[in-house]
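Remarks on the overall topology
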Amino acid sequence: MVYPIYHNHHWIDPDQVYVGIQDVGFLRGFGIFDFFRVMQGRPIFLSDHLDRFLASADKMGIAHMYSKEQLAGLIHEIAAKSEVDCLGIKMVLTGGDSSNGFEPQGKSQLFIIPNEFQFMDPIHGMKLASRNYVREMADIKSLNYAYAIRNWSEIKSQGFDDLIYYTQAHGVSESSRSNLFCVKDGVLYTPAQHILEGITRKHVIDLASSFMEVKVQDVSLDAFKQADEVFTTGSTKRVVPILQIDDNVIADGKRGLITAQLYERLIQHEN
């Protein structure tokens, strides 16, 4: 099924939707987005995602006319039309047109883009390549993913699936599009700084706290490499094991028991 795209007050056939050539989202990457899932017609963690979307717009300084209730109504409207088990919803808010190609004129553009979605394999796992890097405005879900995209062909050619960002001062922060956790001696660690606070991350921390110690703090890259388990979380992944960082295989190179347990608990929590 081809789903319509919402653009400024109307659901429109995808072939009829366009981004203006003067839009600063297109010209300068000045915009924000959020992504979440609709499972069997029901939005997952919708309130959390809308809170983050609106917070990102506010931090970025993009004015708009949408309330949380209005956005929720639009999401439920398209969710009711879903004919698949899992529908991915991407909301994009750009700064709108600019007469000089730099300064927005104050008329932001909202797009809501639904597409059928499939999860990454929760058992097969991923391999990450480390990069000494901190994302600009990491706490805002902005449109700027240029660093990861620029490095993508290189890491793929080397057999890696994604990046793991770190600095010498603060250790690991995140992956290009997901949060990171590691387990050592029965304690769960997740980085505290230079991250986008993921919605799945938030719920996994809550779930894990019910049966183990969780520490939100700086964690070095070496600590991740020497961990008993490493996994990543996100709306597109749920909980996926990290089996290798650079040339270092994590533990026995298989999905760990806590990773598997949190994956199952998250699925139950979504229902």
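Our subject is the structure listed above.
Let us look at the structure shown here. (Residues numbered from 1 in each chain as written. Predicted model: local features only at pLDDT ≥ 70, side-chain atom pairs only at ≥ 80, totals over all residues. Heavy atoms only, no water.)

**Points about the overall build of the protein**
- Helix and strand content of the protein: seven helices and 15 strands.
- The C-alpha radius of gyration computed for the protein amounts to 19 Å, which stays within 12% of the reference 18 Å derived for 271 residues, consistent with globular compactness.
- Expressed along its principal axes, the backbone C-alpha trace of the protein runs to roughly 55 × 40 × 30 Å.
- Counting only residues that meet the buried cut, the protein has 54% of its 271 residues in that class.
- Total accessible area on the protein stands at roughly 13,100 Å², and carbon and sulfur atoms take up 49% of it.
- Averaging the positions of the 26 positive and the 34 negative side-chain charges in the protein gives two centres separated by 2 Å. (Helix = DSSP H or I, 4+ residues; strand = E, 2+ residues; numbered from the N terminus. Rg over C-alpha atoms; globule rule 2.2 N^0.38 Å. Buried < 20%, exposed > 50% of the residue type's maximum accessible area, 1.4 Å probe, protein only. Areas by Shrake-Rupley, 256 points an atom, 1.4 Å probe, with all protein chains shown as cover. Lys, Arg positive; Asp, Glu negative; His and termini not counted. Charge placed at Lys NZ, Arg CZ, Asp CG, Glu CD.)

**What about helix 3 (residues 68–79)?**
- Counted at 1.5 Å a residue, the expected span for helix 3 with its twelve residues is 16 Å, and the 16 Å between its end C-alpha atoms agrees.
- Inspection of helix 3 places Leu-71, Ala-72, Leu-74, Ile-75, Ile-78 and Ala-79 among the buried residues, and these make up the whole buried set. Taken down its axis, helix 3 places every buried residue within 160° of arc, on the same side. (Expected span 1.5 Å × (residues − 1). Arc of directions from axis to C-beta.)

**Points about the layout of surface pockets**
- The space that makes up the largest pocket amounts to roughly 630 Å³.
- Considering the residues around the largest pocket, the lining is formed by 36 residues, among which Phe-35, Lys-141, Arg-177, Thr-236 and Lys-237 are closest to the centre.
- Listed by contribution, the elements that provide at least two residues to the lining of the largest pocket are strand 3 (31–39), helix 2 (46–60), strand 5 (86–94), strand 6 (109–116), helix 4 (146–157), strand 9 (171–175), helix 5 (199–209) and strand 13 (229–234).
- Its residues placed into classes, the lining of the largest pocket shows ten nonpolar, 14 polar and twelve charged. (1 Å grid on protein atoms, 1.4 Å probe; cavity = no way out; pocket = protein on both sides within 12 Å on 5 of 7 lines; lining within 4 Å. Points joined across faces, edges and corners; volume = space filled by probe spheres on them. Nonpolar A, V, L, I, M, F, W, Y, C, P; charged D, E, K, R; others polar.)

**Let's talk about empty space enclosed by the protein**
- If you walk through the whole model with that rule in mind, you get two cavities of 30 Å³ or more.
- Its boundaries defined by the atoms lining it, the largest cavity holds a volume of some 70 Å³.
- Around the largest cavity, the lining residues are Tyr-133, Arg-135, Glu-136, Ser-142, Asn-144, Tyr-145, Ala-146, Tyr-147, Ala-148, Tyr-165 and Ser-176.
- Ranked by residue count, the leading element in the lining of the largest cavity is helix 4, at three residues.
- Looking at the lining of the largest cavity residue by residue, the class counts come to six nonpolar, three polar and two charged.
- Estimates place the volume of the second largest cavity at around 50 Å³.
- Mapped by element, the contributors of at least two residues to the lining of the second largest cavity are strand 13 and strand 14 (238–245).
- Looking at which element gives the most residues to the lining of the second largest cavity, the answer is strand 14, with three residues.
- Taken together, the residues that form the lining of the second largest cavity break down as six nonpolar, two polar and five charged.

**Some remarks on the pairing of strand 7 (residues 126–132)**
- Along strand 7, five of the seven residues are buried, which leaves the element largely enclosed by surrounding structure.
- Strand direction decides the pairing type here: strand 7 and strand 8 (residues 162–167), joined by five bridges, are parallel. Within strand 8, the residue paired with Arg-131 across the bridge is Tyr-165.
- Read as a crossover between parallel neighbours, the route from strand 7 over helix 4 to strand 8 is right-handed. (Pairing = 2+ DSSP bridges. Right-handed = clockwise from strand over helix to strand, strands pointing away.)

**Examining the nonpolar core**
- Core analysis: the largest hydrophobic core is formed by 26 residues, its most contacted members being Ile-89, Met-91, Leu-110 and Ile-112.
- Taken together, the elements giving at least two residues each to this core come down to strand 3, helix 2, helix 3, strand 5 and strand 6.
- Among the elements that line this core, the one with the most residues is helix 3, at six residues.
- If we skip the residues at most four places from it in the chain, Leu-110 touches Tyr-6, His-7, Asn-8, Phe-53, Tyr-66, Leu-71, Val-92 and Leu-93. (Core = buried A, V, L, I, M, F, W, Y, C linked by side-chain atoms within 4.5 Å. Contact = heavy atoms within 4.5 Å.)

**Some remarks on the sheet that holds strand 1 (residues 5–7)**
- One open sheet holds the six strands; their spatial order is 2-1-6-5-3-4, and the pairing between them is antiparallel. Edge strands, defined here as strands with exactly one partner in the open sheet, are strand 2 (11–12) and strand 4 (42–43).
- As paired strands, strand 5 and strand 6 are joined by eight bridges and run antiparallel to one another. Across the sheet, Met-91 pairs through a bridge with Ile-112, a residue of strand 6.

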